[in-house]
Amino acid sequence: MAMAPMNIGMLSSSNQCTTHAMSCLVFIAVVMSWVQNPQLGHAQEPAAEIRAQAPEENGSPPEPTVAPTPDPWLRATALLEKHCYECHSPDNQEGNLNLQKYDTIESIVGDRHMWDTVRQRVFAGEMPPRDHEPMPVEDRQWLAEWVTVTFRDIACQGKPQPGPNPLRRLNRNQYSNSIRDLLGIHFDAGHSLPIDGAGGEGFDNAAETLFLSPIHGEKYLEAAKEALDYSAKDESSRRQIFNTFPDDKTPAEEAAKSVISRFAKRAYRRPPTDGEIEKLMKLYRAGVERQYTYEQAVYYALQGVLVSPQFLFLTEPTIDAAEPQPIDAYSFATRLSYFLWDSTPDKELLERAADGSILKEEVYRDQVVRMLNSPKVRPMAESFIGQWLGTREIGRQIKPDGGMFPQFDDELAAAFREEPVLMFQHILKENRSIIEFVDSDYIFVNGETYGFYGLKENRPENLVQNLVRCQLPPGHIRGGVITMAGPLTVSSYPNRTSPVIRGKWVLETILGATPPTPPPNVDPLSEKPEDTAGKTLRQRLELHRQNPTCASCHAALDPIGFGLENFDAIGRYREKDNGLPIDASGQLTSGETFQNATELKKLVLERKDQFVRHFTIKMLGYGLGRGLVDSDYCIVDQLVADLKQHDYKIHRLIFGILQSPAMQLRPPTTPTPPPTTQATNP
Amino acid sequence: MNIIKNTSLSRRTLLRGVGAALALPWLEAMQVRKLLGSEQENAPSKAPVRMAVLFMPNGVPPKKWTPEGEGAEFKLSPILEPLAAHQKDILVLTQLWNKNSDSGDGHYVKTAGLLTSTTINKTVGVDLNCNGVSMDQVAAQKIGHLTPLPSIELGIEPVAVGIDGVVGYTRVYGAHIAWRGPTSPLAKEINPRLAYERIVRAGQQGGASLQADRSVLDMVMEDAQELQGRLGANDRRRVDEYLESVRALEQRMERLASTQGDPWKPRASYDGMAKPEDAIPKQHLEHCRLMIDLMVLAFQTDTTRVATFMFGNSVSNINFSWLDGVKDAHHSLSHHQNEEDKLRQYEIIAKWHMEQYAYMLERMKSLREGEQSLLENSMVMFGSDLRDGNAHDPHNLPIVLAGQGGGRITTGRHVINSRNTPLANLYLSMLDVMGTPVEKFADSTEKLALEA
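Just so you know, these numbers come straight off a predicted model, no measurement behind them.

**With respect to the overall build of chain A**
Move 1: Along the backbone of chain A there are 29 helices and 10 strands.
Move 2: The buried share among the 682 residues of chain A stands at 59%.
Move 3: A separation of at least 24 residues holds for 69% of the contacts in chain A among residues at least 6 apart in sequence.
Move 4: For chain A, the accessible surface area stands at approximately 26,200 Å², while carbon and sulfur atoms represent 52% of it.

**A look at the pattern of salt bridges**
All names here are of chain A.
Move 1: Applying the stated criterion across every chain, the model contains 61 salt bridges over all chains.
Move 2: The partner of Asp637 in a salt bridge is Arg613, with the nearest N and O atoms 2.6 Å apart. Of this pair, Asp637 sits in helix H27 (residues 630–645) while Arg613 sits in helix H26 (residues 608–624), and the two are 24 residues apart along the sequence.
Move 3: When its relative accessible area of 9% is taken as the criterion, Arg613 is described as buried.

**A few points about the nonpolar core**
Move 1: Judged by nonpolar contacts, the single largest core of 103 residues is most densely connected at A:Trp388, A:Phe424, A:Phe437, A:Ile510, A:Phe611 and A:Phe615.
Move 2: Broken down by element, this core gets its largest block of residues, 10 residues, from helix H18 (residues 410–429) of chain A.
Move 3: In terms of domain composition, this core takes at least three residues from each of domain 3 (322–373 + 610–671) and domain 4 (402–516 + 529–605) of chain A.
Move 4: Those residues within four positions of A:Phe437 in sequence are excluded, and the remaining contacts are A:Ile385, A:Trp388, A:Met423, A:Phe424, A:Ile427, A:Gly480, A:Val481, A:Ile482, A:Phe611 and A:Phe615.
Move 5: The next biggest cluster of nonpolar side chains, apart from the first, holds 68 residues, and it includes A:Leu170, A:Leu221, B:Met221 and B:Leu243.

**What to know about the sheet that holds strand E1 (residues 50–56) of chain B**
Residues and elements named next belong to chain B.
Move 1: A sheet is described by the order of its strands in space; here 7 strands give the open sequence E3-E8-E1-E11-E12-E2-E13, paired in mixed fashion. Of all strands in the sheet, those bounded by a partner on one side alone are strand E3 (152–155) and strand E13 (413–422). On average, adjacent strands in this sheet sit at an angle of 15° to one another, irrespective of strand direction.
Move 2: With 4 bridges joining them, strand E11 (residues 378–384) and strand E12 (residues 399–402) adopt antiparallel strand pairing. Note that in E12 the partner of Met381 across the bridge is Leu401.
Move 3: Docked against the sheet, helix H3 (residues 135–143) engages E1, E3 and strand E8 (306–310), running at close to 150° with respect to E8.

**Re the pairing of E1(B)**
Residue and element names in this part refer to chain B.
Move 1: Within E1, 7 of the 7 residues are buried, leaving the element largely enclosed by the surrounding structure.
Move 2: Sheet topology places E1 next to E11; 7 bridges connect them, and they run parallel. Each residue of the ladder has a partner; that of Met56, found in E11, is Ser384.

**Quick notes on the packing of helix H14 (residues 329–340) of chain A against helix H16 (residues 361–372) of chain A**
Residues and elements named next belong to chain A.
Move 1: At a minimum axis separation of 11 Å, H14 and H16 run at an interaxial angle of 30°. Relative to H16, the element H14 is oriented roughly parallel. The hand of the H14/H16 crossing is right-handed. Counted together, Phe332, Leu336, Ser337 and Leu340 of H14 and Tyr364, Gln367, Val368, Met371 and Leu372 of H16 form the full contact between these two elements.
Move 2: Each residue belonging to the contact of H14 with H16 can be placed in one class, and the counts come to 7 nonpolar, 2 polar and no charged.

**Looking at unusual backbone geometry**
Move 1: The backbone of A:Arg269 sits at a positive phi, close to 65°, despite the residue not being glycine.
Move 2: Even without glycine at this site, B:Gln95 takes up a positive phi of about 70°.
Move 3: Checked against the element boundaries, B:Gln95 lands in strand E2 (residues 90–97).

**What about the packing of aromatic side chains?**
Residues and elements named next belong to chain A.
Move 1: In this structure the tally under the stated criterion is 43 aromatic pairs over all chains.
Move 2: The interplanar angle of 75° and the centroid separation of 6.1 Å between the aromatic rings of Phe567 and Tyr573 together place this pair among those described as edge-to-face.
Move 3: Classification of Phe567 by relative accessible area gives buried; the value is 0%.
Move 4: Using a relative accessible area of 40% as the deciding quantity, one classes Tyr573 as partly exposed.
Move 5: Members of the aromatic cluster, joined through ring pairs, are Phe203, Phe384, Trp388, Phe424, Phe437, Phe611, Phe615 and Tyr622.
Move 6: Over the face of the ring belonging to Trp142 we find Arg75, whose NZ or CZ atom lies 4.3 Å from the ring centre.

**Thoughts on the side chain of A:Asp630**
Move 1: Topologically, A:Asp630 is positioned in helix H27.
Move 2: Among residues more than four places away in sequence, those in contact with A:Asp630 are A:Arg112, A:Phe151, A:Arg152 and A:Ala155.

**What about the confidence of the model for chain A?**
Residue and element names in this part refer to chain A.
Move 1: Averaged over every residue, the pLDDT of chain A is 84; residues scoring 70 or more account for 85%.
Move 2: Counting contacts from residues 1–68, a segment whose pLDDT is below 50, to residues more than four positions away or on other chains yields 140 contacts.
Move 3: Within the model, the stretch residues 672–676 combines pLDDT values under 50 with 7 contacts to residues more than four positions away or in other chains.

**Some thoughts on helix H7 (residues 284–300) of chain B**
Residue and element names in this part refer to chain B.
Move 1: Here H7 spans 24 Å end to end across 17 residues, near enough to the 24 Å set by a 1.5 Å rise per residue.
Move 2: Most of H7 sits inside the fold, with 14 of its 17 residues counted as buried.
Move 3: Downstream of H7 by one or two residues, Asp302 has phi in the positive range, about 65°.

**Structural notes on the packing of helix H8 (residues 214–232) of chain A against helix H6 (residues 233–257) of chain B**
Move 1: The interhelical angle for the contact between H8(A) and H6(B), taken along N-to-C directions, is 70°, at an axis separation of 7 Å. Compared by their axis directions, H8(A) and H6(B) come out roughly perpendicular. Note on element contacts: H6(B) touches H8(A) through B:Tyr242, B:Ser245, B:Val246, B:Leu249, B:Arg252 and B:Met253, opposite A:Pro214, A:His216, A:Gly217, A:Glu218, A:Tyr220 and A:Leu221.
Move 2: Classifying every residue of the contact of H8(A) with H6(B) gives 7 nonpolar, 3 polar and 2 charged.

So, how was this worked out
- Residues numbered from 1 in each chain as written.
- Chains lettered and ligands numbered in written order.
- Predicted model: local features only at pLDDT ≥ 70, side-chain atom pairs only at ≥ 80, totals over all residues.
- Heavy atoms only, no water.
- Helix = DSSP H or I, 4+ residues; strand = E, 2+ residues; numbered from the N terminus.
- Buried < 20%, exposed > 50% of the residue type's maximum accessible area, 1.4 Å probe, protein only.
- Contact = heavy atoms within 4.5 Å.
- Areas by Shrake-Rupley, 256 points an atom, 1.4 Å probe, with all protein chains shown as cover.
- Salt bridge = Lys/Arg side-chain N within 4 Å of Asp/Glu carboxyl O.
- Core = buried A, V, L, I, M, F, W, Y, C linked by side-chain atoms within 4.5 Å.
- Domains from an automatic or database assignment.
- Pairing = 2+ DSSP bridges.
- Axes fitted to C-alpha atoms, helices over the stretch in contact; angles between N-to-C directions.
- Parallel < 35°, antiparallel > 145°, perpendicular 65-115°, else oblique.
- Left-handed = near helix turned anticlockwise from the far one by under 90°.
- Nonpolar A, V, L, I, M, F, W, Y, C, P; charged D, E, K, R; others polar.
- Phe/Tyr/Trp six-rings, centres within 6.5 Å; stacked < 30°, edge-to-face > 60°.
- Lys NZ or Arg CZ within 6 Å of the ring centre and 35° of its normal.
- pLDDT = per-residue confidence, 0-100.
- Expected span 1.5 Å × (residues − 1).

Have a look at this one:
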């Protein structure tokens, strides 16, 4: 794949796309060889794996070192013929589906929805049905991935596409942060709003899952009143809002209009229209009629601003066009601000939007650096990392057993949540390599976790409650998120470790490979005293794996977890389990072996391209506030290639995301077909 | 680098600024007005029927659930033991199943589909759809206009973080049993104090602040309608949802302000419950009890007639090791793998839930509404979306219905239905008792007989 600097135009090179499909398949094969089985195409062989890691240069496909890949199309149609055509034929059309009619890639691409269903049902093992000859699991996975890759590949061939641009409501955090900035108050205005769930790439800022319930209207009204009440009682907040007061020269109405327009501009993130101002002035006048004082009447109008959909939704002007259009300056400033600050654009961003300069690369790059150096980056850091790693819920939904871990108190929980946030902020601020998330020679500790981590050297001065950076001695087992106490706690049961969950956590969270679901009615991992006596957890799990059904998945999951067995359920280092010495060695399905967590981390590092790709997907999904679609994966490929050339520096990733068609363009406003919201139950 | 303190936000500690504090006139609505003592006499004589659904995640140990015997002569099972004092007020319903939830994954499909009896879309977000309306909302949509709040949704756990990539569902599904429409789950309140304030506020909105609020809402409606015109269909739906929530609030205000006809009045004083503390209780028991008290308060005052409550979300792993004899968390133990020790703990947890149910029934029985008790005028369903948590099976679900529904339910029985009787049949009957009948509900085949 070419290493051209990021720009919109380069995504359309058709030459790349043929290699894209190839490298994607290889990539998947590499992940899959870790996950479950070594039979996906031929690409799982070690040579192919090395090939996938090797830098690709000048856009030419890498030289195959083993026999050439059979044409994926031929393999796919052969599988379909063998397992599917019998029922899904022109004559039978079971389930109203004739698979034989799809005789070219184009015909498949034209029926995206149907093929998504095919992919899902085959992957889940629902098809072929039980009473037919089963499709081997490796073929099922291969076929499912082939469908995915085919769609992504086609999406990269046309003009660069921005992907969908669904209307986003401010989530609870964004609401609180925006009000904080608008009113200049330190008050969590969103505390009484319902908690938002996550969608898309796993974040609660995803447009898809930001639904509204009847309770929201009421809550927004009360929250606005409460916040304005707080502001009215806070001298500096009042000063921030009231830039004008009525006097001899300025009639009250004129002063009010000035204050209200200025506030509405910041709240709506663009200049309000005359009509919008008039509506707010109507409220002001109604207040005056009710005998409110000048300030009371203005606050009353501001209440209108804070419950207006123009504030609560990130609206962008619509354009009637058949082709994607460049984004306008105000919308871009807003996207940038909610991406990096999880909050409303500040004065400077709005000024850069007003003169249109924010759209210039050199201007927004400067702004990004300014924003990343501001303390306002913290809510984003907290939100992104806490949801990516799952550490946000430590001490809340994730609570180790108090009886077994009495030392796990609120302070320790707070430190566990805080550590990855600070690491992320550190990487952002100093423009460091994202590879440090996998392995770093420093960690962040406070007075409590310094001892908890068993550190003896480089104790930072005045170490109390706040976490500070601490240099690790060479070869130390900690460093990076995999051996951080928070993630190790998240991937444990309240009362014991779980090599299975830890293995799954590393695969899913770090390498972006989701293992398949366990088959129903699996044999249990016995916890009877007679079965647990004299055995470590590892030995018991190994017994469990003697069952071949279980072995296929656990061979990929458990070894990774075994490598982390030197850490107990709250991430403390230990050398014994159940009184017996811990064996933290293991072998991956690829055949590579390791002796302990440090060596395991090295093997993960050798797969850094997978990590980089996964991290990129997460960051892009967060930045866009929605789940990724086919065309976004073209952007992901570009971003990954670009990062590789720039030492994986995080600013490069952020610039790249901002520069991508998904951020720079808006999709055409073709009328969307109404969703199937017809209730089917009554 | 230090923890940055200056961006942290205080919660409710209102900072009184130095200098002249400005009072905002419309804030009077936030203070709870003392009610006059005359509502009781003014209350209409015929008490309405109320309906609550209490959801327990993770199923039950199957061998410890079903009572022995059938009809009026039945012996409570070990889990149902805490209901001994209310045996005459319950209907244990055996062999009901929720057919359309028998697919997808082990939990989310079952939870989100419990009250809709539909199959939800498999998605991490894009086409979130339960393909139906939940049974409680069918009732709320028909009688909700008679009370300040059409329904209340309460729970304990917030939506779990992230999506469940392994099974391919957003966890939003697992946090909602009430669905106003196919794409509109109803957000639930988990903070007792906030839920309390909402209930009290809803019943007491009035005066000058009401007029002020209405002007603001009018403006919002105009803004939203204007915005609608510029959006694609999907986005329009989102703004529509907001518009509806504003409209509902406006209508409520209108009704409360109305002096015509038979305006709504609370059937009892809101003093029946003390205002809960600001923070969410740390103890699970206290948290659940407060939520139950809130449902009782809302029913007793007639602030709403429809309520749902989730003891936990789908796959809930609340740690119950504070219960005698329990060492682990709920979901972990539900995968008991037929080991005696785990089954015993799993049973203790199920039984604990039954104690909370009994507490609610007790409270409702103690409240008089003329000749009857509040319980006699209500239906309180308790259920889980699974039978055995170890098998993720929606056959023969654990379902109990308590209360006489205004005299239309013959309680004190164990009814063994024929195998695979649709749970939706029960919903058909419950909607009938609510006075909000429908012809058919999802896979319903006929009404389940609730009278002996």
